[in-house]
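# Structure at a glance
Each chain is listed here by its residues.
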Amino acid sequence: MSEAKPFEISKREVWEAYRKVKGNKGAAGVDGQTIAGYEEALKDNLYKLWNRMSSGSYFPPPVKVVEIPKDTGGKRKLGISNVSDRIAQTVATLRLVALLDPLFHADSYAYRPRKSALDAVAQARQRCWRYDWVIDLDIKGFFDNIDWELLSRAVKKHVRDEWIILYIERWLKAPEQDEQGHLHERVKGSPQGGVVSPVLANLFLHYVFDMWLKRVYPQVPFERYADDLIVHCKTEAQAKEVLAAIDARMRECKLELHPEKTKIVYCKDANRKSTYPIEKFTFLGYEFRQRMAKTRTGKYFMSFGPAIAPKASQAVREELRGWRLHKRSDLALEDLSKQYNPIIRGWLQYYGRFHRSVLYRTLRPLDYALARWAYRKFKKLKHHIQRARRWIARVSRRESKLFAHWQLVQRHGSMMGAV
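Note that the coordinates shown come from a computational prediction; the quantities given were computed from them, not determined experimentally. Throughout this document, residue positions are counted from 1 along each chain, in the order its sequence is written. Only residues with pLDDT of at least 70 get local features here, since the model is predicted, and only at 80 or more are side-chain atom pairs given and counted; chain-wide, interface and lining totals rely on the full set of residues. Computation of side-chain values covers all heavy atoms of the structure but excludes hydrogens and water.

## Comments concerning the nonpolar core
Counting 68 residues, the largest nonpolar core has I87, F209 and V231 as the members making the most contacts within it. Strands are runs of DSSP state E lasting at least 2 residues, helices are runs of H or I lasting at least 4, and numbering of each runs from the N terminus. Ranked by residues supplied to this core, first place goes to helix 8 (residues 197-216) with 10 residues. Setting aside its immediate chain neighbours within four residues, F209 contacts L137, F222, L229, V231, I246 and M250. Buried Ala, Val, Leu, Ile, Met, Phe, Trp, Tyr and Cys residues form a nonpolar core when they are joined through side-chain atoms within 4.5 Å. For each residue, the accessible area found with a 1.4 Å probe, counting protein chains only, is set against the maximum for its type, and the residue is called buried under 20%, exposed over 50%, and partly exposed in between. Membership of the second largest hydrophobic core comes to 54 residues, among which are C128, I344, A374 and V395. A contact between two residues is defined here by any heavy atoms of the two lying within 4.5 Å.

Printed below as a string of structure tokens:
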């Protein structure tokens, strides 16, 4: 390797990183440049980036920070890097994932190949049947409070590429630019929304939580999706002991559990006769609580399991209202299907994995909106909303593949009757 190019980074790595960034789309950073704008001089831009990264002269620009509402209230800061910096971070991230992923705990699910949020929900479901108690953990402002010194020690323990260590330090220290254009220096944390932040967060919590819990409480299982964490315990006494130990561990590592959002939960079902003030929790958009379930032989019983959470259900309904389908009489039913079916299918694939009947109730307004669309579009249906509803019901039976949820409705009963 020449002195001019001390770091071994191939042009192919930069090209592959660009393709991933393009596929992920994303907003413009502080320079206002979009992916389309970057591509106007793509060859030159990628060469300059490779040249600077290989020579050690690459310095990331400030991170554009926007505030977005949190599901639990308040706001979350989201960091948006410019296109070139997202490509640079992706080059490093691809190397880091290949190096670090084999080290991570089996119950760490976020941002990992061949693992998903639904895998975490499924594992939590199984364990809630075997363990009576759950500790629902909430780390206060996790991404904003990652300690750089502790993170640096974890990175240097595994990473041998000097350029990755160098650029991680520069990415962490890159200033933030707020929506008014003011710059703010940073002394801790990793921008949520940054390409490299997820793998760094996983590495940080791998040592702060995963390996620590495995060492101190090897009999206590958990599921972790980034900083979303639940821990399973056999007894209330054990849950209290483990929670106190986790709280002390977090403080030792410069983190803090949210005192109001962190709680101990009793997994109440038909076989658990005791009561407790808190008998439900939310994990990855699913609410876990006592629910009616059916055995393979058709017998009903009270189980403890997940279904789409009320806040997630509300978000789906709000998006449905935002489509204003009844106003789209300029479009044919097939056009509406092409435009909105991918979104509906995504909801079904994620929230329809467990207790689909709860999701059906969430989607009922969709068929009512389609009935209102038909009511406005066709003269024969005007002033007859019930007739329009029956017409949509007939179409759903005749062309069940037109909208993704219609096929499921055919198997589980009509959604129209209880709109």
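From this point, the discussion proceeds with the structure in view.
## Focus on the environment of K20
Looking at the element boundaries, K20 is found in helix 1 (residues 11-24). In the structure, K20 is positioned 66 residues away from R86 in sequence and 9.6 Å away in space, judged by C-alpha atoms. Residues in contact with K20, not counting those within four places in the same chain, are T90 and L94.

## Regarding the sheet that holds strand 9 (residues 281-283)
A pair of strands is treated as paired once DSSP finds two or more bridges between them. If you walk across this open sheet you meet the 3 strands as 9-10-11, and the pairing is antiparallel. The strands lining the two open edges of the sheet, one partner per strand, are strand 9 and strand 11 (300-308). On average, adjacent strands in this sheet sit at an angle of 50° to one another, irrespective of strand direction. For helices, the fitted axis covers only the stretch in contact; all axes are lines through C-alpha atoms, and the angles between them, taken along N-to-C directions, range from 0 to 180 degrees.

## Side note on the packing of aromatic side chains
Here a pair means two rings of Phe, Tyr or Trp (six-membered ring of Trp) with centres within 6.5 Å. Their orientation is stacked below 30 degrees between planes, edge-to-face above 60, and tilted elsewhere. Applying the stated criterion to the full structure yields 23 aromatic pairs. Between W373 and F378, the ring centres sit 5.7 Å apart and the planes meet at 85°, which makes this aromatic pair edge-to-face. Take W373: its relative accessible area is 1%, and that puts it in the buried class. On the basis of relative accessible area, F378 is assigned to the partly exposed category, the value being 26%. Charge over a ring is defined by NZ of Lys or CZ of Arg lying within 6 Å of the ring centre and within 35 degrees of the ring normal. A cation over an aromatic ring shows up here: K11 above the ring of W50, its NZ or CZ 4.8 Å from the ring centre. Across the ring face of F59, the terminal group of R170 is positioned such that the distance to the ring centre comes to 3.7 Å.

## Observations regarding unusual backbone geometry
One non-glycine residue, R324, adopts positive backbone phi at about 50°. Looking at R324, the relative accessible area reads 43%, which means it is partly exposed. Located in the positive-phi region is H355, a residue other than glycine, with phi close to 50°. By secondary structure assignment, the location of H355 is in the loop between helix 11 (333-351) and helix 12 (356-377). Judged by its relative accessible area of 26%, H355 falls in the partly exposed class.

## Topic: the side chain of S337
With respect to the helices and strands, S337 occurs in helix 11. With relative accessibility at 7%, the residue S337 sits in the buried group. Once residues lying within four places of it in the same chain are set aside, the contact partners of S337 are P342, L402 and F403.

## Observations concerning the packing of helix 8 against helix 9 (residues 236-252)
One can describe the packing of helix 8 onto helix 9 by two numbers: an axis separation of 11 Å at closest approach and a directional angle of 145°. Helix 8 and helix 9 meet at a crossing whose hand is right-handed. Here Y207, V208, F209, W212 and L213 of helix 8 come into contact with helix 9, specifically with V242, A245, I246, R249 and M250. Residue type decides the class: Asp, Glu, Lys and Arg count as charged, Ala, Val, Leu, Ile, Met, Phe, Trp, Tyr, Cys and Pro as nonpolar, and the leftover types, Gly among them, as polar. Residues that form the contact of helix 8 with helix 9 fall into these classes: 9 nonpolar, no polar and 1 charged. Take the far helix as your reference; a near helix turned counterclockwise from it by less than a right angle gives a left-handed crossing, and one turned clockwise gives a right-handed crossing.

## Structural notes on the packing of helix 12 against helix 13 (residues 385-398)
Running from N to C, helix 12 and helix 13 cross one another at 115°; their axes reach a closest spacing of 8 Å. Pair helix 12 / helix 13 crosses with right-handed handedness. Residue-level contacts link D367, Y368, L370, A371, R372, W373, A374 and Y375 of helix 12 to I385, A388, R389, W391 and I392 of helix 13. Tallied by class, residues from the contact of helix 12 with helix 13 come to 10 nonpolar, no polar and 3 charged.

## Side note on the sheet that holds strand 6 (residues 222-225)
An order of 6-7-3-8 is seen for the 4 strands of this open sheet, with the pairing classed as antiparallel. Strand pairing shows two members of the sheet lacking a second neighbour, strand 6 and strand 8 (263-266), which therefore form its edges. Between one strand axis and the next, the sheet turns by 20° as a mean value, whatever way the strands run. Looking at chain direction, strand 3 (residues 133-138) and strand 7 (residues 228-233) are connected through 6 bridges and run antiparallel. Along strand 7, the bridge assignment pairs V134 with H232. Across the sheet, helix 8 lies against strand 3, strand 6 and strand 7, angled at about 175° from strand 6, the strand it touches most. Here helix 9 sits on the sheet in contact with strand 3, strand 7 and strand 8, set at roughly 20° to strand 3.

## Re the pairing of strand 3
Extensive coverage of strand 3 is indicated by the burial of 5 of its 6 residues. As paired elements, strand 3 and strand 8 share 4 bridges and run antiparallel to each other. Within the sheet, the bridge partner assigned to W133 lies in strand 8 and is Y266.

## Observations regarding the environment of E319
Within the secondary structure layout, E319 lies in helix 10 (residues 310-323). Expressed as a C-alpha distance, the spacing of E319 and L370, which sit 51 residues apart in the sequence, is 14 Å. Those residues in contact with E319 that lie beyond four places of it in its chain are I343 and W347.

## A closer look at helix 12
Expected helix span is taken as 1.5 Å per residue step, with the number of steps being one fewer than the number of residues. Relative to the 32 Å expected for 22 residues at 1.5 Å per residue, helix 12 spans 31 Å between its end C-alpha atoms, a close match to the ideal helical length. Bending of helix 12 peaks at approximately 40° at the position of T362, with proline P365 no more than four residues after it. Note that bend, as reported per residue, equals the angle between axes fitted to the 7 residues terminating at that residue and the 7 residues originating from it.

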